[in-house]
Amino acid sequence: MATNNQKLYLLDYGAGNVRSLLNAVEKLGHSIEYITSISDFDKADKIIFPGVGAFGYAMKALTEKGFVEPLKAFIASGKPIMGICVGMQVMLEGSDESPDEPGLGIFEGRVKHFDNTAKAVPHMGWNSAQVVHAGGSDIAPCIGKDTRYYFVHSYGVPFTAEGAQPQFVHTATRYGDEAIVSSVWKGSVFGTQFHPEKSGAAGLALLRSFIETDLIRHQSSQSDSVLAPREIRDTLSVRVIACLDVRANDQGDLVVTKGDQYDVRVSASEGGHVRNLGKPVDLAKRYYDEGADEIAFLNITSFRNTPFKDTPMLEVLRQASRCIFVPLTIGGGVRDITDPDGEHTWPAVSVAGEYFRSGADKVSIGSDAVYAAERYWTRVVEGQVPLLDGSTAIEQIAERYGRQAVVISVDPRRVYVASPEDAAGHHTIKTATRGPNGEQYCWYQCTVKGGREGRDTDVRQLVTACAALGAGEILLNCMDRDGTNSGYDLELVADVKAAVSIPVIASSGAGKPEHFSEVVDKAGVEAVLAAGIFHRREVPISAVKEHLSEHGTPVRLMSSSSPAP
């Protein structure tokens, strides 16, 4: 057994959100220090090595810091190490993501890109990890049977059950038509493709088992008999996301609010004040306890007179990540920012970096995504080469932190036309909901500045351009349905889902549990989001999940059978 006076270190090469891992370790009653120099490897009894983003970036960063050889020496010494996500992937020989960049070569095999022909990529959401070997007398990592963990990645190690895999593969996971290695374990080297620090109580239990137990898989306990890839079940669940629109009220306090078609103030007869539905962190913690799979904070106050480092949303993230261990998304203001004194400018990628270091896992880009898409299509029309020049926030953040960290928040509204020819080159649909003058067609106009300004860009132009630029997910709102409780705009959602091969979150309009199952069935979305009905307790998150489960849709249910942290 491990002792309480062990020295636990975190190997951070400059990845995204490591704050959540630090908070998870502290939540379990332990302390952890950063490895800042080569000499720290000799001080460590155990190392946790988290990673997000690109394989090549991780290996280059380790090389530049001079950490590659000390890391290999630490592993060779037999001291325990746990890699997470890219921290596990770099233990392999290499990755198709960065073909010229060798991995550590601890395990045989290469990391490969998912096939997006029949499924959305990245693999994003809650899935199970199936133990593939018979096991033995060793104390095993605390991975629960049928328990779901949070995955977010575009590249994975194919599970073949061949070659050396029986010696080091611990669990495998199926995503659509592909089975991948979801954890490795050999000797004192353990690693997970999923994120335990973002997997709720089950993930905390797994971290505790690594920290408080010496997990050593001995050669004598390794069995040559492992499950075949065809035996790995697909258990990916539909995510239920709680969204919190955060802004300052007239007294300057941060509150969660909710608009009616984007108007967050009550009527003049009721006082005209900003709707106040609670404090951001308190409400987010309630949703975590109720079983939300993710939580999104959308900042709808500009804070133009505040230096970016003092932006209140950074502190909201810091506080939330101390008590919430599911993914957090932050939206609003992810763009180039100049402080009020004019002396410091923050590029969008640096803004995102501060959000990640404060506890966010993903950033949501709104207006800037529309402008980026417009520039993209200008380059297409003009025949400019290359199409991707690395100038947009989407490209820069995706390159640095991985495309899974970039969400595009779309705010479209219907524009009715009598015929497609009247849509000025925009993508139209024939709609079952006719316009005010009986129009049978419409196109969806993208808006900026919180829906206040329409652009000459349609929703399909936006989402296809942003996917090409490197976005990993679409958060699809609908101005026409916002706050109506009349159900999602199924025509809009289905049209966008058919246009891209990245995950789509349906938003705006949900008013009852049946609306959630309807959009999953008819549009095939990977996630559903709601705000007002959760805030006002009109429909609890648990009721949505129970309905989806009874409907036959896989969801992550809060269960007493999940491992305790």
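Everything here concerns the structure above.
Residues numbered from 1 in each chain as written. Predicted model: local features only at pLDDT ≥ 70, side-chain atom pairs only at ≥ 80, totals over all residues. Heavy atoms only, no water.

With that out of the way, let us pick up the overall build of the protein. Helix and strand content of the protein: 17 helices and 28 strands. Based on the C-alpha atoms only, the size of the protein along its principal axes is roughly 75 × 55 × 55 Å. Look at the contacts in the protein between residues 6 or more apart in sequence, and 72% of them connect residues 24 or more apart. Taken as two groups, the 56 positive and 71 negative side-chain charges of the protein have centres that lie 3 Å from each other. (Helix = DSSP H or I, 4+ residues; strand = E, 2+ residues; numbered from the N terminus. Contact = heavy atoms within 4.5 Å. Lys, Arg positive; Asp, Glu negative; His and termini not counted. Charge placed at Lys NZ, Arg CZ, Asp CG, Glu CD.)

The subject of this paragraph is the nonpolar core. Formed by 167 residues in total, the largest nonpolar core has its most connected members in Ile-295, Phe-297 and Tyr-355. The element contributing the most residues to this core is helix α13 (residues 459–469), with 7 residues. Excluding its chain neighbours within four sequence positions, the residues that come into contact with Phe-297 are Leu-244, Val-246, Pro-280, Ala-284, Met-313, Val-316, Leu-317, Ala-320, Leu-328, Thr-329, Ile-330 and Gly-331. (Core = buried A, V, L, I, M, F, W, Y, C linked by side-chain atoms within 4.5 Å. Buried < 20%, exposed > 50% of the residue type's maximum accessible area, 1.4 Å probe, protein only.)

Looking now at empty space enclosed by the protein. In this structure the tally under the stated criterion is 3 cavities of 30 Å³ or more. What the second largest cavity holds in volume is close to 50 Å³. Along its surface, the second largest cavity is lined by Ile-241, Glu-294, Ala-296, Thr-329, Lys-362, Val-407, Glu-473, Leu-475, Ile-505 and Leu-529. Contributions of two or more residues to the lining of the second largest cavity are made by β16 (294–299) and β26 (473–476). In terms of residue class, the lining of the second largest cavity is made up of 6 nonpolar, 1 polar and 3 charged. (1 Å grid on protein atoms, 1.4 Å probe; cavity = no way out; pocket = protein on both sides within 12 Å on 5 of 7 lines; lining within 4 Å. Points joined across faces, edges and corners; volume = space filled by probe spheres on them. Nonpolar A, V, L, I, M, F, W, Y, C, P; charged D, E, K, R; others polar.)

Here the focus is unusual backbone geometry. Peptide bonds are mostly trans, and most non-glycine residues show a negative phi. A cis amide bond, omega 15°, links Val-121 with the succeeding residue Pro-122. Along the chain, Pro-122 falls in the loop between β6 (110–113) and β7 (123–128). A cis geometry characterises the amide bond from Val-385 onward to Pro-386, with omega recorded as 0°. For Pro-386, the location among the structural elements is in the loop between α11 (367–382) and α12 (393–401).

As for its placement among the helices and strands, Gln-6 is situated in the segment before β1 (8–10). We classify Gln-6 as buried; its relative accessible area is 15%. Polar contacts involving the side chain of Gln-6 include one to the main-chain carbonyl oxygen of Ile-211, which spans 2.6 Å. With sequence-adjacent residues up to four places away left out, Gln-6 is seen in contact with Asp-45, Lys-46 and Ile-211. (Polar contact = N/O pair within 3.5 Å; in protein donor to acceptor, adjacent residues only side chain to side chain.)

So, about helix α15 (residues 513–523). Where α15 is concerned, the buried positions are Pro-513, His-515, Phe-516, Ser-517, Val-519, Val-520 and Ala-523. Along its buried surface, α15 packs onto α14 (490–499), β27 (504–506), β28 (527–530), α16 (532–535) and α17 (541–550). Looking at the residues trailing α15, positive phi occurs at Gly-524, about 70°.

Structurally, the position occupied by Met-59 is in helix α3 (residues 55–64). We classify Met-59 as buried; its relative accessible area is 4%. Each C-alpha atom of the pair Met-59 and Asn-127 lies 27 Å from the other, and the pair is 68 residues apart in sequence. Apart from residues no more than four positions distant in its own chain, Met-59 is found in contact with Val-68, Val-90, Glu-101, Pro-102, Gly-103 and Leu-104.

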